[in-house]
Amino acid sequence: MAELSLQHIDKIYDNNVQAVFDFNIDVKDGELIVLVGPSGCGKSTTLRMVAGLEDISNGKLFLDGRDITQTPAKDRDMAMVFQNYALYGHMTIYENMAFSLTLRKEDPNVIHKKVLAAAEILGLTSQLNKKPSQLSGGQRQRVAMGRSIVRNPKVFLFDEPLSNLDAKLRGATRREILLLHKRLSATMLYVTHDQTEALTLADRIVCMSMGHVQQIGTPLELYDSPNNLFVAGFIGLPPMNFFDVTFEDGKLKGKGFEVSLSDEEKYTLSDYNRQEITLGVRPEDIVEGGTLHVKVFSNENLGMNTLVHGHMGANGENRISAKLRGWTDYKNGDEAMVSFKRKHFFDKQTTNSIRKGER
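The residue count restarts for each chain, going from 1 along the sequence in the order it is written. Residues qualify for local features only when their pLDDT is at least 70, as the model is predicted, and side-chain atom pairs are given and counted only at 80 or more; totals for whole chains, interfaces and linings, by contrast, use all residues. Hydrogens and water are ignored here; the side-chain numbers use all heavy atoms of the structure.

## A word on the overall build of the protein
We count it as follows: Going along the chain from the N terminus, every DSSP run of H or I of four or more residues is numbered as a helix, and every run of E of two or more is numbered as a strand. Each residue is assigned to one of three classes by its accessible area relative to the maximum for its type, calculated with a 1.4 Å probe on protein chains only: buried under 20%, partly exposed between the two thresholds, exposed over 50%. Whether two residues are in contact is decided by their heavy atoms, any of which lying within 4.5 Å being enough. Using a 1.4 Å probe, the Shrake-Rupley method yields the accessible areas, and only the shown protein chains count as cover for residues. Note that His is not counted, nor are the chain ends; the positive residues are Lys and Arg, and the negative ones are Asp and Glu. To locate a charge, take atom NZ for lysine, CZ for arginine, CG for aspartate or CD for glutamate.
Along the backbone of the protein there are 9 helices and 19 strands. Summarising its shape, the C-alpha atoms of the protein cover approximately 75 × 45 × 35 Å along the three principal directions. Scored against the burial criterion, the 359 residues of the protein give a buried share of 47%. Counted over contacts in the protein with a minimum sequence separation of 6, partners at least 24 positions apart contribute 67%. Looking at the protein as shown, the accessible area adds up to about 17,300 Å², and 47% of this sits on carbon and sulfur atoms. Between the centroid of the 44 positive side chains of the protein and the centroid of its 45 negative side chains there is a distance of 5 Å.

## Observations regarding the nonpolar core
Selection criterion: Only buried residues count toward a nonpolar core, which is a set of Ala, Val, Leu, Ile, Met, Phe, Trp, Tyr and Cys residues joined through side-chain atoms within 4.5 Å.
M97 and Y190 are the most contacted members of the largest nonpolar core, which totals 41 residues. It is helix 3 (residues 108-122) that provides the largest number of residues to this core, a total of 5 residues. Setting aside residues no more than four positions away along its own chain, Y190 makes contact with L32, I33, V34, L35, F158, P161, L162, I177, E197 and L201. Listed in part, the 28 residues of the second largest apolar core include I9, V27, L35 and A51.

## Focus on helix 1 (residues 43-51)
Of all 9 residues in helix 1, 7 are buried; the element is thus mostly enclosed. Listed as buried for helix 1 are K43, T45, T46, L47, M49, V50 and A51. One or two steps after helix 1, the chain reaches G52, where phi turns positive at roughly 90 degrees.

## Concerning the packing of aromatic side chains
Aromatic ring pairs: the centre-centre distance and the angle between the two ring planes describe each pair. Under the convention used in this document: What counts as a ring pair is set by centres within 6.5 Å for rings of Phe, Tyr and Trp (its six-membered ring), and what kind of pair is set by the plane angle: stacked under 30 degrees, edge-to-face over 60, tilted for all other angles. Lysine NZ or arginine CZ positioned within 6 Å of the ring centre and within 35 degrees of the ring normal marks a charge as sitting over the ring.
Per the stated rule, a full pass over the model turns up 6 aromatic pairs. Judged by centre distance (5.6 Å) and plane angle (35 degrees), the rings of F158 and Y190 are tilted. Remark: Y190 occurs in strand 8 (residues 187-192) and F158 occurs in strand 7 (residues 155-159); sequence separation between them is 32 residues. Taken together, a centroid distance of 5.7 Å and an interplanar angle of 70 degrees make the contact between F243 and F257 edge-to-face. Taken together, the positions of F243 in strand 11 (residues 241-248) and F257 in strand 13 (residues 257-260) put the pair 14 residues apart, joining distant regions of the chain. Summarising the burial analysis for this pair, F243 and F257 share the class buried. Three or more aromatic residues link up through ring pairs in this structure, and these residues are F243, F257 and F340. Directly above the aromatic system of Y223 lies the positively charged group of R282, at a separation of 4.3 Å from the ring centroid.

## Comments concerning the pattern of salt bridges
Which entries qualify depends on this criterion: When a carboxyl oxygen of Asp or Glu is within 4 Å of a side-chain nitrogen of Lys or Arg, the pair counts as a salt bridge.
In this structure the tally under the stated criterion is 14 salt bridges. Close ionic contact of K11 with E54 constitutes a salt bridge, the shortest N to O distance being 3.6 Å. With K11 in strand 1 (residues 4-12) and E54 in the loop between helix 1 and strand 4 (58-63), the pair connects residues that are 43 residues apart, well separated along the chain. There is no split in this pair, since K11 and E54 are both buried. Its salt-bridge partner being R142, residue E176 comes within 3.3 Å of it at the nearest N-O pair. Placement of the pair is E176 in helix 5 (residues 167-184) and R142 in helix 4 (residues 137-149), with a sequence separation of 34 residues. E176 sits in the partly exposed class, given a relative accessible area of 27%. The exposure class assigned to R142 is buried, which follows from its relative accessible area of 15%. One salt-bridge network, held together by shared partners, links K11, R48 and E54.

Written as structure tokens, this is what we have:
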């Protein structure tokens, strides 16, 4: 497949609105990179610049060491899968998958072999004589992927390919994309606003906000060691709890509660004595049993886990969500006693993560 390098990429529109700022990444051969972030963060714009559908305002784009910054989209040897499938309704599935090869005037026998091979990979062999309107949304998205596979491109580009599918189909199609990646060992760039897709698909994630890259790393790195408040709040479901606290006398003191710290945590915060910081705790790092009082207002049983929502503090100043193991029967107004297994600390001014020996 291919290596891809984006070096100091900017996107500035004619009205001087900048959508992407100084985007940098080296994509390894066969790597699946997921660009994730909220709507308007610049992730689809970045993908479209890679595809050649948007001009690059500043910076360079390299494919296998060759500068393709100004290369037309048709000559970049990339295939893009869109969220709306972009299939021709009057053509059969076979004709849709063969279309780009037919335009290139490839040998019909070669086209036939490529289409059949792609159809077999995607489980579409029995659907080749049907029209797109006769297929489900998940099947149509597989046709769109098949149309890309037959081209044997150097890079696959996916722009929110699952956003039009219902929850069950999204899960099934997500697994198919993962299997496709493993089978083809293909270089892929995948854009989504869904952090579950990012965590389950990616070799590495690029988390973006307002045109800026916030963090690049493995799914575990972004989940376990977020660079800042934005990444911490965006990655993880339910989202991380945040509390305003002050580090004082070896403890964290918030509105109506106190949290004890380990020696290692005290050392991490040693430069923040008597200063306000932000404490972050993932719902799954909250356990029953401890000194923290939570007044429950909602209990959602999910089978193996229960989401418990409540307020912490004498006057309910702090909203808190906990993902507890097992089935619980808390009712509105009940009190739960909890503790925090794992804590994350963030600088109040910069919003950056506070790590040992760093400030």
